[in-house]
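Structural overview for review
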Amino acid sequence: MRVLRRIFFLLLAVLLLTGCQPRKTGLFSSLDIDKDGLLYGYEIFIVKGDRAAGAESDYYAIVQCANGKISQPLIGQVVMTSDQVIITLPAHGKPGCPSSQFTGTIGFKELTGNFSNGKELALSRKDSYWE
């Protein structure tokens, strides 16, 4: 019984020390088609850049926004601190995303956040709408 208790506490200590964090990369989407055949929502795909560098700012995002019509894909630089993410997109024309910056939090099942001056979004971690 003592051995099992020690193993349990050892496993618990390992989990606490490693900080059970959600994966920083992945695809997050809320894209959906309505009854009229128009596409609405957002899709953000966060990828790692140069793995050898290991820098926390070496992430990129491919972002698409849809408000009846899909925008062109935009590639932006991502800055991460713990589970917080800031995506800076290049200037773009219409149709496009509400602004050139997205700020959010990465969780195990979703990415929550908003574009500057926008409403709160919850994008589920799932396959791309396009797959």
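Everything that follows concerns the structure shown earlier in this document.
Below you will find a few notes about this structure.

Scoring rules and cut-offs
- Residues numbered from 1 in each chain as written.
- Predicted model: local features only at pLDDT ≥ 70, side-chain atom pairs only at ≥ 80, totals over all residues.
- Heavy atoms only, no water.
- Core = buried A, V, L, I, M, F, W, Y, C linked by side-chain atoms within 4.5 Å.
- Buried < 20%, exposed > 50% of the residue type's maximum accessible area, 1.4 Å probe, protein only.
- Helix = DSSP H or I, 4+ residues; strand = E, 2+ residues; numbered from the N terminus.
- Contact = heavy atoms within 4.5 Å.
- Pairing = 2+ DSSP bridges.
- Phe/Tyr/Trp six-rings, centres within 6.5 Å; stacked < 30°, edge-to-face > 60°.
- Lys NZ or Arg CZ within 6 Å of the ring centre and 35° of its normal.

For the rest of this paragraph, the subject is the nonpolar core. Counting residues in hydrophobic clusters, the biggest one holds 21 residues, and the most contacted among them are Ile44, Ile46, Val63, Val85, Ile87, Leu111 and Phe115. Mapped by element, the contributors of at least two residues to this core are strand S3 (39-48), strand S4 (59-68), strand S5 (74-81), strand S6 (84-88), strand S7 (101-106), strand S8 (110-115) and strand S9 (121-125). Examining the composition of this core, we find that four residues originate from one element, S4, more than from any other. If sequence neighbours within four positions are ignored, leucine 111 has contacts with Phe28, Ile44, Val85, Phe102, Thr105, Ile106, Leu121, Ala122 and Leu123.

This paragraph deals with the pairing of S6. Successive residues of a regular strand alternate their side chains across the two faces of the sheet. Only one face of S6 is covered, namely the face carrying Val85 and Ile87; the face carrying Gln84, Ile86 and Thr88 is uncovered. Hairpin connection of S5 to S6: two residues between the antiparallel strands, including serine 82 at a positive phi of 60 degrees. Examined bridge by bridge, S6 and S7 share five bridges and lie antiparallel to one another. Paired with isoleucine 87 across the strands is phenylalanine 102, a residue of S7.

Looking now at the packing of aromatic side chains. In this structure the tally under the stated criterion is three aromatic pairs. An angle of 35 degrees between the planes, with centres 5.6 Å apart, marks the rings of tyrosine 42 and phenylalanine 115 as tilted. In this pair, tyrosine 42 is assigned in strand S3 and phenylalanine 115 in strand S8, connecting sequence segments 73 residues apart. Tyrosine 42 gets classed as buried once you look at its relative accessible area, which sits at 18%. Measuring from centroid to centroid gives 5.2 Å for phenylalanine 102 and phenylalanine 115, while their planes differ by 70 degrees, and the two rings are edge-to-face. Taken together, the residues span a long stretch of sequence, with phenylalanine 102 in strand S7 and phenylalanine 115 in strand S8 at a distance of 13 residues. Judged on exposure class, the residue phenylalanine 102 and its partner phenylalanine 115 are both buried. The cationic tip of lysine 48 hangs over the ring face of tyrosine 59; the distance from NZ or CZ to the ring centre is 4.6 Å.

The alternating pattern of S7 places Phe102, Gly104 and Ile106 on a buried face and Gln101, Thr103 and Thr105 on a face that is not buried. Where S7 meets S8, five bridges bridge the pair, whose relative direction is antiparallel. Within the sheet, the bridge partner assigned to threonine 105 lies in S8 and is threonine 112.

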